[in-house]
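Listed below are the residues making up each chain.
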Amino acid sequence: MSNVKSSRFLIIPLICFFIFIILLNNKNVFAFDFKTSTAGIEARCIENLKEEASRHGIIIVKETIKRTQTARGNELFFFETAVEFKNFSALFGFFDSLFENSIINPYEIETIQSEMLKTKSGLYSGSFSFYKLRSEPAFAHGCPAHYQILKDAVRAASKSFNIKINKFYYLRYNRISIKASSHYMNGLMAYVDFFSENNRIERFSDITIEKKHYKYYNSALFVLDFTAALR
Amino acid sequence: MFNKINAVFIIALCFTSAGLFTACGGGVSAKMLPVSEVSRLARDFDEGKKNHKTAAAETLSLIKEMADSSGLEFIKARYGGEMNNPETLISAEFNFSTRDLNCFSNFIDETACGTHGFNLSASSFCVTSRKDPSHVSPDGRASKIYNITAVIKRFQSRAEVNKNLAAYSAIIKYCSLKYEISSVILSESNSQLSLSGSFSLKGTKKSFLEFLRGLRPDGVTGWTVSEKGFETRPHQIMIPFLAEIFFDK
């Protein structure tokens, strides 16, 4: 009987000790408050984002973080950054990784844009922004599709239509705007057709196609500029 | 024996605790979508709809094809969004250039006749000319380039299409063959076709009036033709004129 009692005295401290060890190993638990707090989520999100950026060769030039609080309290913070990237594959590979690794959701992305101008480093400059949300908003159905439309449209331009993207702009829920150029008018028309197929978009807000003469190219260059309202 | 049971109990407790805390940790992070899921959602979003092009893209393609087949050189197309007018589907402004005004009258014919189902119609246009020193005609004069700005509309029904298109085309074709045309303007607001140019010995005011009387196109309500001065060229006298032809709205 006395053995049993003494073993009980042993068991309780041992349990406490093991629990302590587990707690010590599981940083999440100690960081519970920090992780659920806006500052914690923000720090972890930005850290992961920067890791992914460096993995894809994306240079973060300038960043702005703003704490936001909507009426519903779903928005944790707003992040805006200027980036430099080598090509579209690197840029969209970066966003794919962000989604794959659960760092950002497609419905959190606010804008992605680039004028496709090269900086001194020889990289293209662009920018993107997102609102980090606590939970998925009720109206988020189209967002993965919208991102996919942008990605397909930008990639297809050079791969399938032999046209050059000069500028693109994506605004969540709202619109995609693309400026592209080609030596062939029919390529641009086919691209507009492609973009409007399968009800990808609600409608075009504006389309302008113009023939321009550039001495540099020694021939005519057609420039397409369109804005499409998203569904 | 008892100690062994206790040890097993403690280890089991440790694993349970570890599982519990890991689960808690997992529960903290927000629900995220992997890329495969993003692609699937995007595909579902696409597949849920019929294969359908927007009316704007379809209309621009068609007008570009018609301009090509008529021999007009494309300069610019501008579609500025949907119309507030429920009868009009699309309105787009086009800029073309040509050396032969016949090409433009062919284009008007095409919009009137070659696009059944699309209900296209040129609602207004403006043709201006400029001399092109790089091209010299056989009589030694610099040839002309016509710059055309045309607003083409696509209507819901055929009834809305401009009924006077055939008349505009016939008049432009006749004038471009017979006279030297400087400008042609079709005003949408009052359906008035204005032509300016020069009569010559080959094509005089008399012949123009005879043409208008003989043609008597439907919808023409009247016309005025005024001449102003004259200018001399080797072997011919040119008389600048302005013709205004009024149509039913």
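The structure contained in this document is the topic of the report that follows. Throughout, residues of each chain are indexed from 1 in the direction in which the sequence is written. Written order decides the labels, with chains lettered from A and ligands numbered from 1. The predicted nature of this model means local features are confined to residues of pLDDT at least 70 and side-chain atom pairs, given and counted, to a pLDDT of 80 or more, with totals for whole chains, interfaces and linings taken over all residues. The side-chain numbers reported here are obtained from all heavy atoms of the structure, hydrogens and water having been left aside.

### Observations concerning the layout of surface pockets
Residue and element names in this part refer to chain B.
Then comes step 1: With a 1 Å grid spanning the protein atoms alone, the term cavity applies to any set of points in which a 1.4 Å probe fits but cannot get out, the term pocket to an open set with protein on both sides within 12 Å along at least five of seven lines, and the term lining residue to any residue with an atom within 4 Å of a point. Grid points are joined across faces, edges and corners, and a volume is the space filled by probe spheres set on the points. There is about 650 Å³ of room inside the largest pocket.
Then comes step 2: Along the walls of the largest pocket sit 25 residues, with Arg141, Tyr146, Ser176, Tyr179 and Glu180 positioned nearest its centre.
Then comes step 3: Here a strand is any run of E in DSSP of at least two residues, a helix any run of H or I of at least four, and the numbering for each starts at the N terminus. At the level of elements, α4 (101-113), β4 (142-155), α5 (165-178), β5 (180-187) and β9 (236-247) are the ones that each hand at least two residues to the lining of the largest pocket.
Then comes step 4: When residues of the lining of the largest pocket are assigned to their parent elements, the largest contribution, 4 residues, is made by β4.
Then comes step 5: Residue polarity is assigned by list, with Asp, Glu, Lys and Arg as charged and Ala, Val, Leu, Ile, Met, Phe, Trp, Tyr, Cys and Pro as nonpolar; anything else, Gly included, falls into the polar class. Here the residues of the lining of the largest pocket are counted per class, giving 8 nonpolar, 7 polar and 10 charged.
Then comes step 6: Of the volumes computed, that of the second largest pocket is approximately 450 Å³.
Then comes step 7: If you go around the second largest pocket, you meet 23 residues; those closest to its centre are Glu160, Val161, Asn162, Ser191 and Lys249.

### A short note on the side chain of Ser123(B)
Residue and element names in this part refer to chain B.
Then comes step 1: Within the secondary structure, Ser123 is located in strand β3 (residues 120-136).
Then comes step 2: With relative accessibility at 8%, the residue Ser123 sits in the buried group.
Then comes step 3: Non-local contacts of Ser123, meaning those with residues more than four positions away in its chain, are made with Val151, Lys153, Leu186 and Glu188. When accessible area is computed with a 1.4 Å probe and restricted to protein chains, residues below 20% of their type maximum are described as buried, those above 50% as exposed, and intermediate ones as partly exposed. In what follows, residue pairs with any heavy atoms lying within 4.5 Å of each other are defined as contacts.

### Considering unusual backbone geometry
Residues and elements named next belong to chain A.
Then comes step 1: Residue Met116 is not a glycine yet carries a positive backbone phi of 55°.
Then comes step 2: Locating Met116 in the fold gives a position in strand β3 (residues 109-118).
Then comes step 3: Take Met116: its relative accessible area is 12%, and that puts it in the buried class.
Then comes step 4: Even without glycine at this site, Tyr173 takes up a positive phi of about 65°.

### Notes on α4(B)
Since the α-helix packs 3.6 residues into each turn, any two residues three or four apart lie on the same face.
Residues and elements named next belong to chain B.
Then comes step 1: In this scheme, a helix's expected span is set at 1.5 Å multiplied by one less than its residue total. Taking 1.5 Å as the rise per residue, α4 with 13 residues should run 18 Å; its terminal C-alpha atoms sit 19 Å apart, in good agreement.
Then comes step 2: Every buried residue of α4 is accounted for by Leu101, Asn102, Cys103, Phe104, Ser105, Phe107, Ile108, Thr111 and Ala112.
Then comes step 3: Buried residues in α4 make contact with α3 (55-70), β2 (88-98), β3, β4, α5 and β5.
Then comes step 4: What qualifies as a polar contact is a pair of N or O atoms within 3.5 Å, subject to a donor-acceptor requirement within protein and to the restriction that residues adjacent in sequence count only when both atoms come from side chains. A distance of 3.0 Å separates the backbone nitrogen of Asn102 from a side-chain oxygen at the start of α4, and that oxygen is part of Asp100.

### Focus: the pattern of salt bridges
Then comes step 1: Should a side-chain nitrogen of Lys or Arg be within 4 Å of a carboxyl oxygen of Asp or Glu, the pair is scored as a salt bridge. Going through the model one piece at a time under the given rule, you end up with 13 salt bridges over all chains.
Then comes step 2: For Lys151(A), the salt bridge goes to Asp96(A), with nearest N and O atoms at 2.8 Å. Separated by 55 residues along the polypeptide, Lys151(A) in helix α6 (residues 143-160) and Asp96(A) in helix α5 (residues 88-100) bring together distant segments of the chain.
Then comes step 3: As a salt-bridge pair, Arg154(B) and Glu58(B) come within 3.2 Å of each other at their nearest N and O atoms. You can see Arg154(B) sitting in strand β4 and its partner Glu58(B) sitting in helix α3, a full 96 residues away along the chain.
Then comes step 4: Look at Arg154(B) and you get buried, because its relative accessible area is 10%.

### Re the packing of α3(B) against α4(B)
Helix-helix packing is characterised by the crossing angle of the two axes and by the distance between the axes.
All names here are of chain B.
Then comes step 1: Axes here refer to lines fitted to C-alpha atoms; in helices the fit is confined to the stretch in contact. Angles between the N-to-C directions go from 0 to 180 degrees. Contact pair α3 / α4: the axes reach a minimum separation of 9 Å and the direction vectors enclose 140°. Judged by the inter-axis angle, α3 sits oblique to α4. At the point where α3 passes α4, the crossing takes the right-handed sense. From α3, Ile63, Met66, Ala67, Ser69 and Ser70 reach across to α4, where they touch Cys103, Asn106, Phe107, Glu110 and Thr111. Geometric relationships in this document are graded by angle, where less than 35 degrees denotes roughly parallel, more than 145 denotes roughly antiparallel, 65 to 115 denotes roughly perpendicular, and other angles denote oblique. Crossings are sorted by hand: turned counterclockwise from the far helix by less than a right angle, the near helix makes the crossing left-handed, and turned clockwise it makes it right-handed.

Purely geometric numbers; function is a separate question.
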